[in-house]
Structure formats: C-alpha cells, structure tokens
Amino acid sequence: MKTQFIILLSFFISTFVQAQETGNYLNFNVGGGSHNLSYTLQDGKESGQTGYTVNLAYSHFFTSQWGIQTGIGVQTFSILSTLNLTESTPAIDSDGDSYLFKSTFKNWQENQQVLFLDIPITGQFKYMFNNKIGLLATAGAKISIPVHVTYKSTGGEIVTSGYYPQWNIELTDLPQHGFTTITQNYSGKYNLNTAYTAIVELGGIYKISEKIDLYAGGYFNYGLNNVLKPETKKLFQVDEIYNGVWNSYH
C-alpha cells in the first residue's frame, strides 16, 4: 500500500452553550459521512464506508471573531478491501520435495473497523451577519489514538494449490495436503500508529438564545502520517494462518 492517509468529508450538527464568562463556549457535536483510511491495493480495491464522529469541545474567543478550541472526541471508520491475486510461498512437503504453495484470492473481501480517540487543537474565526445568523470556520490539527481496530472477512474464496516446478505439476483439490477451497470467515485485530491529522471545518451558526447557538456544517480531515505498522506477512500462510490485509499489503 502507499502511505496511508485519512480523509473525511461529512456533515455534523452541534450546539454551543456559552459559559458564564463572555467568549467561552462548550460545544457538543455529532456527525457522520464517508470516513476512509485511504490506501492503494495493487491487486484489488478499497472503499470507505459510513463513519461517525462525536465530540465535546471548549472554545475561548479572545475577541468577538477570533478564538481557539480544544476538547476530546471519537470517530469511527469502516473500510472494505476486495482482492484478486495469487500468492506463492516456497515450501517443503512431507516427502522432502520442494514446491510453491499458492493461495489464489477470488473476490476476497475484508472489512476493517477502526475507533479513534481524538484530541484537537484548532483556531476559530466567527463572523455574525446579524444578531441571529453567523459563519464559523475552524482549522488546526488533532491527535487520533487508535483504541479499537478489528477486521473480518466477509466474502469470496481462497483456492490453495501446490506447484512443483521440477515436474511442472500443480496439485489441487487435495484437502489432506492443504490444497482446497476456503470460504470460511476470519477475524482478528490490527495495531495502528497514532494518527496526526490536519482538520478544517466550515458551517453556519443560528443563535437560539443568548447562551445557546445551533451550528451545522461540514468537515474535512487529512492525515499527515502513515498509521500502518511496518509488517509484510503473507496474507494466507502455508500453515493456514490468515494474517489480514493490513499486515500483508502496504
């Protein structure tokens, strides 16, 4: 896979509650949209699914227009990988003969689920058109800590075979020797690095009361580092261990 980055393009609704001191706000927002940990599969494709974000933040405005914000939140990702490829691994059979153990993946699908804990630090610009309606822009960065990362295969098949180049013979459909068709589901966990992300938000404010504002807008996040651990295992090993896409193709 190429260097991994995070892309979010979504919509959220939040409520700002003004604290006792002028210029201080508590902000709670919930949103969702296309959340994708984007990467490139040489022999397959990946697609982002629906993800969600929930945040609790504190804003302090130094002036009527400029302020800073920090807080804590969570966001989820769901990514579907589809593979069509053949792996070959040198091996030795029970008779001491060398061969190539082949694993052919046919429309093999794996779904990855990720939950991040977010800690943002951003600057904010607020402009009020009148006493009720305004614009709020937010930009900065955040640290995203992976707290739960899992995978599960959801479709397709793995066809295993043994190729003996010295005799130009490929053995198939011999389950007793590990050459068979596999359709069972595999599941497990991944380890990811902490993500460092640039974030931009833009939306509109509607003042409900002196201390409560309603805000609706969109956000875009771009990851600045590769969150995948540096592992290059075979996706399916000779001993029938399934390692998962993120441990094999990046």
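Residue positions are given per chain, counting from 1 as you read along its sequence in written order. Local features are withheld for residues below a pLDDT of 70 in this predicted model, meaning they are given only at 70 or higher, and side-chain atom pairs are given and counted only at 80 or more; totals for whole chains, interfaces and linings count all residues. By convention in this description, side-chain values take in all heavy atoms of the structure and omit both hydrogens and water.

(A) Geometry of the overall build of the chain. On a plain count of helices and strands, the chain comes out with zero helices and 11 strands. Comment: elements are numbered from the N terminus, with helices defined as DSSP H or I runs of at least four residues and strands as E runs of at least two. Of the regular secondary structure in the chain, the N- to C-terminal order runs β-β-β-β-β-β-β-β-β-β-β. Each residue is placed in one exposure class: buried if its accessible area under a 1.4 Å probe, protein chains only, is under 20% of its type's maximum, exposed if it is over 50%, and partly exposed if it falls in between. Looking at the 250 residues of the chain, the share that counts as buried comes to 42%. Contacts between residues were defined by any pair of non-hydrogen atoms, one from each residue, lying within 4.5 Å. A separation threshold of at least 6 residues defines the contact pool for the chain, and within that pool the share at least 24 residues apart is 69%. Only the protein chains shown count as cover for residues, and the accessible areas themselves come from Shrake-Rupley with a 1.4 Å probe. Total accessible area on the chain stands at roughly 12,800 Å², and carbon and sulfur atoms take up 58% of it.

(B) Structural view of the environment of F105. Relative to the elements of secondary structure, F105 occurs in strand β5 (residues 98-128). Take F105: its relative accessible area is 1%, and that puts it in the buried class. Taking the C-alpha atoms as reference points, F105 and E157, 52 residues apart in sequence, are found 6.0 Å from one another. Every residue in contact with F105, bar those within four places of it in the chain, is listed here: L83, N84, L85, E87, E157, I158, L235 and F236.

(C) Molecular detail of the pattern of salt bridges. The salt bridge definition used is simple: a Lys or Arg side-chain nitrogen within 4 Å of an Asp or Glu carboxyl oxygen. Tallying each qualifying case throughout the model produces three salt bridges. The shortest N-O distance in the salt bridge between E170 and K102 comes to 3.7 Å. Of this pair, E170 sits in strand β7 (residues 169-171) while K102 sits in strand β5, and the two are 68 residues apart along the sequence. The exposure class of E170 is partly exposed, given its relative accessible area of 39%. With a closest N to O distance of 3.1 Å, K207 and D213 form a salt bridge. Across this residue pair, the class does not change: K207 and D213 are buried.

(D) Fine view of the confidence of the model for the chain. Per-residue confidence from the prediction method is given by pLDDT, with values spanning 0 to 100. The predicted model of the chain averages 86 in pLDDT, with 89% of residues at 70 or higher. Counted against residues more than four places away or in other chains, residues 1-5, with its pLDDT under 50, gives 24 contacts.

(E) Quick peek at the pairing of β5. We call two strands paired when DSSP finds no fewer than two bridges between them. Direction of pairing for strand β4 (residues 66-92) relative to β5: antiparallel, over a ladder of 24 bridges. When the bridges of β5 are listed, G73 appears paired with D118. In this antiparallel pair of consecutive strands, β4 and β5, the connection spans five residues, and G96 shows a positive phi of 85°. Taken together, the 27 bridges between β5 and strand β6 (residues 133-164) define a ladder with antiparallel strand orientation. Within β6, the position partnered with Y127 by the bridge is L135. If you look at the hairpin formed by β5 and β6, you'll find four residues sitting between the two strands.

(F) Representation of the environment of Q69 within the structure. As for its position among the elements, Q69 is in strand β4. Judged by relative accessible area, Q69 falls into the buried class, the value being 9%. Remark: the alpha-carbon pair of Q69 and T122, spanning 53 residues in sequence, is separated by 5.2 Å. Two N or O atoms count as a polar contact when they lie within 3.5 Å, although within protein this holds only if one can serve as hydrogen donor and the other as acceptor, and sequence-adjacent residues are included solely when both atoms are side-chain atoms. Engagement of the side chain of Q69 in a polar contact is seen with the side chain of S59, the distance being 2.9 Å.

(G) Structural detail: unusual backbone geometry. Phi is positive for N107, close to 50°, though the residue is something other than glycine. Secondary-structure assignment places N107 in strand β5. In this model, D173 sits at a positive phi of 55°, which is unusual for a non-glycine residue. Within the fold, D173 resides in the loop between β7 and β8 (181-182).

(H) Spotlight on the packing of aromatic side chains. Put simply, two rings from Phe, Tyr or Trp (the six-membered ring, in Trp's case) pair if the centres are within 6.5 Å, and we call them stacked under 30 degrees between planes, edge-to-face over 60, tilted for the rest. In total, this model carries 15 aromatic pairs according to the counting rule given. Both rings, one in F77 and one in F116, keep their centres 5.6 Å apart while their planes meet at 85°; by these two values the pair is edge-to-face. With a gap of 39 residues between them, F77 in strand β4 and F116 in strand β5 connect regions that are remote in the sequence. Across this residue pair, the class does not change: F77 and F116 are buried. An angle of 55° between the planes, with centres 6.4 Å apart, marks the rings of W108 and Y186 as tilted. Highlighted residues: W108 in strand β5 and Y186 in the loop between β8 and β9 (187-189), separated in sequence by 78 residues. The burial state of W108 is the same as that of Y186; both residues are buried. Linked through ring pairs, F105, W108, Y151, Y186, Y190, F236, Y242 and W246 together constitute an aromatic cluster.

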